Amino acid sequence: MSGPSGLTFAMEDAAGITASAAKPVPTPSNNLVTPLLTDLYQITMAYAYWKTNQHLRPAHFELFFRKNPFGGSYTLFAGLDEVLKFLAHFRFSEDDIRFLRNTPQLSHCEPAFFDDYLSNLDCSDVVVHAMREGSMAFPRVPLITVTAPLGIGNLIETTLLTLVNYPSLVATNACRMVVAARGQFWEETAGSSPPLRTSKSSSPPRSSHPHSGFRKSIQMTEGGMTDIRLRKPKCVEFGLRRAQGPDGGFSASKYSYLGGFHATSNVLAGKMLDMPIAGTHAHSFVQSYTSLELVEGAKLKPFRPAAGIGVETKDEEMVLLLPIVLKYRHDLGWEETNDGELAAFVGYAVSFPNSFLCLIDTYDTLQSGLRNFILVSLALNDLGYTPRGIRLDSGDLSYLSLECEYVFHEMAERCQRGFFYDLDIVASNDINESVLNSLNKQGHAITMFGIGTNLVTCQAQPALGCVYKLVEVDEQPRIKLSNDLEKVLIPGRKVAYRLFGEAGWPLLDLLVCRNETNRPTAGERVLCRHPFIEQKRVAVVPSRVVQLHSLVFDGKNGVVSGLPSVEETRQFVNDQINHTRADLLRYMNPGEYKVSVSENTFHFLHQLWQNETPVRELR
Ligand SMILES: Nc1ncnc2c1ncn2[C@@H]1O[C@H](COP(=O)(O)OP(=O)(O)OP(=O)(O)O)[C@@H](O)[C@H]1O
Ligand SMILES: O=P(O)(O)OC[C@H]1O[C@H](OP(=O)(O)OP(=O)(O)O)[C@H](O)[C@@H]1O
Ligand SMILES: O=C(O)c1cccnc1
Ligand SMILES: [Mg+2]
């Protein structure tokens, strides 16, 4: 299908990812995700727990991060779907057991550890609560909690972390890029064509380009200009070739879509996840056409609207495209454009007449690529087709996009063709969040960003530091102390709440010990304390209170409420971003979101901290 972007789209049925409660839970997307995808120390600890008969002690673990990535103030929680698939299918195979038995570090272990314990181990005693996938999450607030016997609860640590860390990181990266690409001045407004400039541009200097700040000033002008069509630029993921291997590439496609990207170029992701795929063409395609002779015979069936519906004419009415293109070239006096490039565009046009979008920077963006695109577009349009746009992959993307848009508008007026107003201008080439912000400041006419390397490799911060910590054993809270305040563990099982203010935005997250009877309630004042700094506290009267975790996996019954589709989670992400304070989304010095503890939890934490800290003696 052809998407609104003008890129080529395709969709197929999902392959089991959107299981509902009634359906069996699919196996993990990546078949490397098995109990052996872990660190050796998880297995050695499991042996020690088993050997000393500790493995069945009831324990409680929390998976959380301590610092938001990218210098930001939020993180999107992602990866829960794959965690649930992993837990539902957790089982060591006979082959796994054989391997472990022969592993030098484990070869001395008693056979019963393998035969009685590991061989029969599954997650039927594991209970998992989690935030909804796609939630905006903040430091220290558990994304996932695991209640399980010590042995199995400990064994799944590394796998859970690897299933959450990268997905959450790349989803957050994607979300930040989508927010940056939209820019604060972009607004979707109904309407038809933008106003025309009548004076002719002769490549003005960048700083005083006639369209610099164009969209910005329109948005800020009230009344009279509401018919101006402004589009929020979309983001498409192009990263597979640069990703950290096939799983990195697949995960990046999936989770950047979840984070708000519009589509991916990754075809397998399209097939398996029922997500839109999109693409243009490469420089090699342009380079490979060396002369116009190669497309002399390229023909196309005219496409004529009949009663408002496009119909293709019969085969015998096929028309040669090149002569029409060359006539326009002559009429417009553009004989100097690159012949090979023109041939490539003609070849692409007869192959994709309904989604004709060209990469125009192979030889000379403005003198050749743009003009060749216009020539072929005019010919295509004569035959009833609507061209889609161009891609820029080098140079000053602000200047070039504005210049292209300016020429398109000029052509619209000169040739009386409305399609020139609707063309997509896709930009790619090493784009990252700061380039996006810089482009917004300068002004640009880009309608779609193709982003690869910096998205999938998370160049600005290559890892999210989620940890998995034991906070309770035998129903006794455990604490881990550190000289680094950030690393001090808030002990015990906690319930997490998000408190919303009158404006509908979240005010803060509040952690409350599980056995505490006072719970935050809408309309009631609650004292919220910084977990470590006594003087920092705030009284909140929430207008709404949401408990952040729900039961998602109960060993006896498996996955409790089915797995949401990526599409549903993406929508949830979008809703939250639209209801978030602007300062939290800001690139420079974003505001800080408060994560607090209740009064009782504060005292309990500090009491335990004191109890567990030995008093030093100085002489
Ligand atoms: N107007 C702009 N403002 C800020 N950054 C930009 C602007 N235009 C392009 N960029 C970014 O500047 C960098 C340019 O990279 P580089 O110099 O390697 O590319 P190039 O010389 O334009 O193209 P190539 O080397 O592929 O021919 C890219 O990261 C690109 O996204
Ligand atoms: O720049 P990214 O954000 O990673 O986006 C993906 C890049 O991949 C392609 O380039 P290609 O592989 O042809 O190499 P190039 O960098 O030489 O253009 C495409 O033209 C983009 O430039
Ligand atoms: O379709 C594209 O234009 C594309 C896809 C992957 C990488 N670079 C570009
Ligand atoms: Mg490139």
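In this convention, every chain numbers its residues from 1, walking through the sequence in written order. As they are written, the chains are lettered A onward and the ligands numbered 1 onward, keeping that order. Where local features are concerned, this predicted model is filtered to residues with pLDDT of at least 70; where side-chain atom pairs are given and counted, the filter is 80 or more; whole-chain, interface and lining totals use all residues. Neither water nor hydrogens contribute to the side-chain values; these are computed over all heavy atoms in the structure.

A. The site of ligand 1, seen in detail. For ligand 1, the full set of nearby residues is Ser394, Gly395, Asp396, Leu397, Ser398, Asn429, Asp430, Ile431, Val435, Ser438, Leu439 and Gln442. Polar contacts, as used here, are pairs of N or O atoms within 3.5 Å; protein pairs need one atom able to donate a hydrogen and one able to accept it. Residues neighboring in sequence count only if both atoms are side-chain atoms. In this structure, Asp396 approaches ligand 1 through a side-chain N or O atom, which is 2.8 Å from a nitrogen atom. Asp430 is positioned with one of its backbone polar atoms (N or O) 2.9 Å from an oxygen atom of ligand 1. Starting at the N terminus, helices and strands are each numbered in turn, a helix being any DSSP run of H or I of at least four residues and a strand any DSSP run of E of at least two. Going through the elements one at a time, α14 (397-415) and α15 (433-442) are the ones with two or more residues in the shell around ligand 1. Element by element, the count of residues in the shell around ligand 1 is highest for α15, at four residues. Gly counts as polar in this scheme, as do all residues outside two lists: the nonpolar Ala, Val, Leu, Ile, Met, Phe, Trp, Tyr, Cys and Pro, and the charged Asp, Glu, Lys and Arg. Taken together, the residues that form the shell around ligand 1 break down as four nonpolar, six polar and two charged. Proximity is defined per residue: any heavy atom of the residue falling within 4 Å of a molecule or strand makes that residue near it.

B. How the structure looks around the pattern of salt bridges. Every case where a carboxyl oxygen of Asp or Glu lies within 4 Å of a side-chain nitrogen of Lys or Arg is listed as a salt bridge. Summed over all chains, the structure comprises 21 salt bridges. Here Glu62 and Lys494 are joined by a salt bridge, their closest N and O atoms 3.0 Å apart. You can see Glu62 sitting in strand β1 (residues 58-64) and its partner Lys494 sitting in strand β18 (residues 494-500), a full 432 residues away along the chain. Between Lys254 and Glu82 there is a salt bridge, and its shortest N-O distance comes to 2.9 Å. Taken together, the positions of Lys254 in helix α8 (residues 245-258) and Glu82 in helix α2 (residues 80-88) put the pair 172 residues apart, joining distant regions of the chain. Taken individually, Lys254 and Glu82 each receive the classification buried, so the pair is uniform in this respect. The classification of residues rests on relative accessible area computed with a 1.4 Å probe and restricted to protein chains. Under 20% of the type maximum is buried, over 50% is exposed, and intermediate values are partly exposed.

C. A look at the site of ligand 2. Surrounding ligand 2, one finds Phe238, Arg241, Arg242, Arg391, Asp393, Asn429, Asp430, Ile451, Gly452 and Thr453. A distance of 2.7 Å separates an oxygen atom of ligand 2 from a polar atom in the backbone of Asp430. Measuring from an oxygen atom of ligand 2, one finds a backbone N or O atom of Gly452 at 2.8 Å. A 1.4 Å probe and the Shrake-Rupley method give the accessible areas. Residues count as covered only by the protein chains that appear here. About the coverage of ligand 2: the protein hides 72% of its 470 Å² of free accessible area. Of the residues in the shell around ligand 2, the class split is two nonpolar, three polar and five charged.

D. Structural detail: helix α19 (residues 599-612). By definition here, a helix of n residues has an expected span of 1.5 Å times n minus one. Between its first and last C-alpha, α19 extends 20 Å over 14 residues, near the 20 Å set by a 1.5 Å rise per residue. What α19 keeps buried is the set Thr601, Phe602, Leu605 and Leu608. Each buried residue of α19 sits inside an arc of 140 degrees when the element is viewed along its axis, so together they form one side. Exposed side of α19, more than 90 degrees from the buried face: Gln610 and Asn611 are the residues found there. Contact criterion: two residues are considered in contact whenever any of their non-hydrogen atoms come within 4.5 Å of each other. Where the residues of α19 are buried, they touch β17 (476-477), β19 (506-513), β20 (526-529) and β25 (594-598). Throughout, the arc means that of the directions going from the helix axis to the C-beta atoms.

E. The arrangement of the sheet that holds strand β23 (residues 550-554) in detail. In space, the seven strands of this open sheet follow the order β17-β16-β1-β5-β3-β23-β24, with antiparallel pairing throughout. Two strands close off the open sheet at either side, each with one partner strand: β17 and β24 (558-559). Two strands pair when backbone bridges link them, and strand β3 (residues 127-130) and strand β5 (residues 144-149) are joined in this way by four bridges, in the antiparallel orientation. Note that in β5 the partner of His129 across the bridge is Thr145. By the convention used here, strands pair only if DSSP detects at least 2 bridges between them.

F. Local environment of the confidence of the model for the chain. With 87% of its residues at a pLDDT of at least 70, the chain reaches an overall mean of 88. pLDDT under 50 marks residues 1-21. Its contacts with residues more than four places away, or in other chains, come to 67 contacts. Residue-level confidence of the predictor, termed pLDDT, takes values from 0 up to 100. When the criterion is pLDDT under 50, residues 185-229 qualifies, and its contacts beyond four places in sequence or with other chains add up to 76 contacts. This complex was scored by the predictor with a pTM of 0.90 and an ipTM of 0.97.

G. Region of interest: unusual backbone geometry. Phi is positive for Asn53, which is not a glycine, with a value near 60 degrees. In this structure, Asn53 sits in the loop between α1 (40-51) and β1. Residue Asn53 is classed as exposed on the basis of its relative accessible area, which comes to 58%. The residue Asn429 is not glycine, and still its phi comes out positive at about 110 degrees. Residue placement: Asn429 occurs in the loop between β14 (424-427) and α15.

H. The packing of helix α11 (residues 322-332) against helix α13 (residues 365-382), seen in detail. Orientation is described by axes fitted as lines to C-alpha atoms, over the contacting stretch for helices, and by angles from 0 to 180 degrees between their N-to-C directions. Packing of α11 against α13 brings their axes to within 8 Å, and their N-to-C directions diverge by 125 degrees. Classified by the angle between their axes, α11 and α13 sit oblique to one another. With respect to the hand of their crossing, α11 and α13 are arranged in right-handed fashion. Judged by residue contacts, Ile324, Val325, Tyr328, Arg329 and Leu332 of α11 engage Leu375, Val376, Leu378, Ala379 and Asp382 from α13. Roughly parallel means an angle under 35 degrees; roughly antiparallel, over 145; roughly perpendicular, 65 to 115; everything else is oblique. If you view the pair so one helix is near and one far, a crossing is left-handed when the near helix is turned anticlockwise from the far one by less than a right angle, and right-handed when it is turned clockwise.

I. Geometry of the pairing of β3. Residues Val128 and Ala130 of β3 are buried on one face, while the alternating residues Val127 and His129, pointing to the opposite face, are not. Direction of pairing for β3 relative to β23: antiparallel, over a ladder of four bridges. When the sheet's bridge partners are listed, Val127 is paired in β23 with Asp554.

J. Representation of the packing of aromatic side chains. Only the six-membered ring of Trp is used, alongside the rings of Phe and Tyr, when aromatic pairs are assigned; centres must lie within 6.5 Å, and planes under 30 degrees apart are stacked while those over 60 apart are edge-to-face, with the rest tilted. What the rule picks out here adds up to 18 aromatic pairs. A network of ring pairs unites the aromatic residues Tyr47, Trp50, Phe113, Phe114 and Tyr117 as a single cluster. Geometrically, a lysine NZ or arginine CZ counts as sitting over a ring once it is within 6 Å of the ring centre and also within 35 degrees of the ring normal. Taking the ring centre of Phe602 as reference, the NZ or CZ of Arg529 above it sits at 3.9 Å.

K. Representation of the environment of Leu485. The topology assignment puts Leu485 in the loop between β17 and β18. Sequence-distant contacts of Leu485, that is, excluding residues within four places in its chain, are made with Arg140, Phe532 and Trp609.

L. Up close: the pairing of β5. Counting buried residues in β5 gives six out of six residues, a clear majority hidden from the surface. Relative to β5, β1 runs antiparallel, the two sharing six bridges. For Glu62, the partnering residue across the bridge sits in β5 and is Thr145.

M. Representation of the UniProt feature "domain: Nicotinate phosphoribosyltransferase C-terminal" (unreviewed entry) in the chain within the structure. UniProt positions are given in the numbering used here, feature names are shortened, and annotations may be inferred rather than shown by experiment. Taking the numbering used here, the UniProt-annotated feature "domain: Nicotinate phosphoribosyltransferase C-terminal" (unreviewed entry) corresponds to residues 493-604. Secondary structure content for residues 493-604 is 21% helix and 35% strand, while the C-alpha to C-alpha distance between its ends is 12 Å.

N. Highlighting helix α17 (residues 566-578). Look at α17: 18 Å from first C-alpha to last across 13 residues, which is about the 18 Å you get at 1.5 Å a residue. Turning to α17, its buried residues number three or more, namely Val566, Thr569, Arg570, Phe572, Val573, Gln576 and Ile577. Seen from one end, α17 has its buried residues packed into an arc of 160 degrees, which puts them on one side. Tucked into the core, α17 has its buried residues touching β2 (75-76), β4 (136-137), α6 (157-182), α8, β18 and α18 (582-585).

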